[in-house]
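A closer look at the structure
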Amino acid sequence: MKETVHIWDWPLRLFHWLLVIAVVGAYVTGKLGGDLTDWHGRIGGLILGLLIFRIIWGFVGTTHARFVNFFPTFGRLAAYFKGNWHGIGHNPVGALSVLALLAVLTVLAATGLFANDDIAFEGPLFSLIDKSLSDKLSGIHALALDVLMGLLALHLAAIAFHQLVKKNNLVLPMLTGRKQVHKAQASSIPAVGALRFLMTVVISSTLVWSIWSGNVASYLNPVDSLQTAAVRLGW
Amino acid sequence: MKVKLPLALALTAVTTAALSGQVEEQIRFRQSAYSFLSWNTGKIKSQVVDHPETFNKDQIIAAANAIAATANSGLINLYGPGTDQGIGWKQSRLRPEFFQKQDEAKELDATFIKEANELAKVAATGDAGAIKAQFGKVGASCKGCHDLIRIRE
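Predicted model, so just to flag it, every value in this text is computed and none were measured. (Residues numbered from 1 in each chain as written. Chains lettered and ligands numbered in written order. Predicted model: local features only at pLDDT ≥ 70, side-chain atom pairs only at ≥ 80, totals over all residues. Heavy atoms only, no water.)

Within chain B, the secondary structure is distributed over five helices and zero strands. Reading the helices (α) and strands (β) of chain B from amino to carboxyl end gives α-α-α-α-α. In chain B, buried positions account for 39% of the 153 residues. Residue pairs in contact within chain B that sit at least 24 positions apart in sequence constitute 69% of those at least 6 positions apart. Accessible area for chain B stands at about 8500 Å²; split by element, carbon and sulfur atoms hold 61% of it. (Helix = DSSP H or I, 4+ residues; strand = E, 2+ residues; numbered from the N terminus. Buried < 20%, exposed > 50% of the residue type's maximum accessible area, 1.4 Å probe, protein only. Contact = heavy atoms within 4.5 Å. Areas by Shrake-Rupley, 256 points an atom, 1.4 Å probe, with all protein chains shown as cover.)

Rendered as structure tokens:
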């Protein structure tokens, strides 16, 4: 017997699909360059905000959004490979993929803050470090992109594998939040707390805004404030 | 005493020249050129894109002319054989594959020159919107080469 239950809360789904759009946007603007490089930076800011949101949501979100409930411990992985895993959220291997994707995206967003392209782009925290360190971080940024591409290929391949071989549609639940599960496992997640969601949005957007507006850089390095940066090249 | 200083300077110049061969010299010149370019592109980025309230038409025209002049100076001639290995002001970041990709590199160089010339033309009009758009095209032409022949740090 099967029953349809709620597994993914709507903030998690919103996060997922906004992240998909943002990553595609960042990829395209990053490859095209020119005028779009500034948009690449802004989209990077959005991605950073989404990542901070997801990390906080991993502690205060509903059941299957919480790291503690899907963290791929050795025991869970072993059980999964023996066929003894009966959860309905991220399976332990999927959880590895989730954490790897979050980690490499965090590396991309964090290095991007300090990056430069030797053309006309400097990340919002570039002024806090040496040019040579920024060059290294920009190199890591490019390297992390290769890793991300590999992980995304794996992510999509796993979804296709679940669809075609295991007859398990992973995409639809990520859209609707609902999944058909065995009656024995059927338990829906609680409703999303509006206050928790709002607080999480406020915290993540405030953090990103304080970096992006130049407040963090000018606070830590007041000499190179925005005003001097604006005119510094004309002397 | 009076002779000693010029003599010392001349000796220094000779030893420096002897220590740095043609390869190092080419690398040093091209690194200097890109460094000079970055002052001028940085000025346009700052005054046209990031802080348009600081727009100074004369400085922008001067910057665009400097970029165009540098682009037209024949930079590609500074990429002689062996110049992927030497140290100029610092280690060159030229990929060895450059020497198999000369046709592509020449094409990208021609694009850079074309876009830089156009930027100088547009800058003369003082139209900030048009300068910004054309500056983006110049930046994209820089990126074309960076992606093709430059080593990631």
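Below, the discussion takes up the interface of chain A and chain B. Facing 26 residues of chain A, the contacting portion of chain B comprises 26 residues. Between chain A and chain B the total buried area reaches about 1900 Å² when both faces are included, carbon and sulfur atoms providing 53% of it. Inspection of the chain A/chain B interface yields four salt bridges. For Asp118 of chain A, the salt bridge goes to Arg150 of chain B, with nearest N and O atoms at 2.7 Å. Between chain A and chain B we count six residue pairs in polar contact (both at pLDDT 80 or more) in total. Looking at the side of chain A that touches chain B, the elements that each hand over two or more residues are α1 (10–32), α6 (131–164) and α10 (226–231) of chain A. It is α6 of chain A that contributes the most residues to the side of chain A that touches chain B, seven residues altogether. (Buried area = accessible area lost by both parts, 1.4 Å probe. Salt bridge = Lys/Arg side-chain N within 4 Å of Asp/Glu carboxyl O. Polar contact = N/O pair within 3.5 Å; in protein donor to acceptor, adjacent residues only side chain to side chain.)

Turning our eyes to something else, we now look at the side chain of Ser92 of chain B. All names here are of chain B. By the element assignment, Ser92 lies in the loop between α3 (57–71) and α4 (102–125). The class of Ser92 is buried, set by a relative accessible area of 7%. Within the structure, the side chain of Ser92 is placed 3.2 Å from the backbone nitrogen of Leu94, a separation counted as a polar contact. Among all residues touching Ser92, those that are not within four sequence positions of it are Ile27, Arg30, Gln31, Thr83, Asp84 and Gly86.

Bringing the nonpolar core into the picture now. In this structure, Leu19, Ile47, Leu48, Leu105 and Leu148 of chain A are the most contacted members of the largest nonpolar core, which totals 40 residues. Breaking this core down by element, the ones donating at least two residues are α1, α2 (37–60), α3 (67–70), α5 (92–114), α6 and α8 (194–212) of chain A. Per-element accounting of this core gives the leading share, nine residues, to α5 of chain A. Apart from the residues lying within four places of it in its own chain, the contact partners of Ile47 of chain A are Leu19, Ala22, Val23 and Ala26 of chain A. With 25 residues, the next largest nonpolar core counts Ile119 of chain A together with Ala33, Leu37 and Ala116 of chain B among its residues. (Core = buried A, V, L, I, M, F, W, Y, C linked by side-chain atoms within 4.5 Å.)

Counted under the stated rule, the structure contains eleven aromatic pairs over all chains. Taking the centre distance of 5.8 Å and the plane angle of 65° together, the rings of Phe67 of chain A and Phe70 of chain A count as edge-to-face. Of this pair, Phe67 of chain A and Phe70 of chain A both sit in helix α3, three residues apart, which is roughly one turn of that helix. Of the two residues examined, Phe67 of chain A and Phe70 of chain A, each falls in the buried class. A centroid spacing of 5.1 Å and a plane angle of 80° characterise the contact between Phe98 of chain B and Phe99 of chain B, whose relative ring orientation is edge-to-face. (Phe/Tyr/Trp six-rings, centres within 6.5 Å; stacked < 30°, edge-to-face > 60°.)

A separate point is the environment of Asp84 of chain B. For Asp84 of chain B, the position within the fold is in the loop between α3 and α4. When the C-alpha atoms of Asp84 of chain B and Arg95 of chain B are compared, they prove to be 6.1 Å apart, with eleven residues separating the residues in sequence.

This part takes up unusual backbone geometry. Residue and element names in this part refer to chain A. A positive phi angle, close to 55°, is found at Asp118, a residue other than glycine. Tracing the backbone through its elements, the reader meets Asp118 in the loop between α5 and α6. Despite not being glycine, Lys167 has its phi angle at roughly 50°, a positive value. Considering the arrangement of structural elements, one finds Lys167 in the loop between α6 and α7 (171–176).

Residue and element names in this part refer to chain B. This model, assessed by the stated rule, comprises eleven salt bridges over all chains. The shortest N-O distance in the salt bridge between Arg93 and Glu153 comes to 3.4 Å. Note that Arg93 is positioned in the loop between α3 and α4 and Glu153 in the segment after α5 (128–149), a separation of 60 residues in sequence. Glu153 sits in the partly exposed class, given a relative accessible area of 37%.

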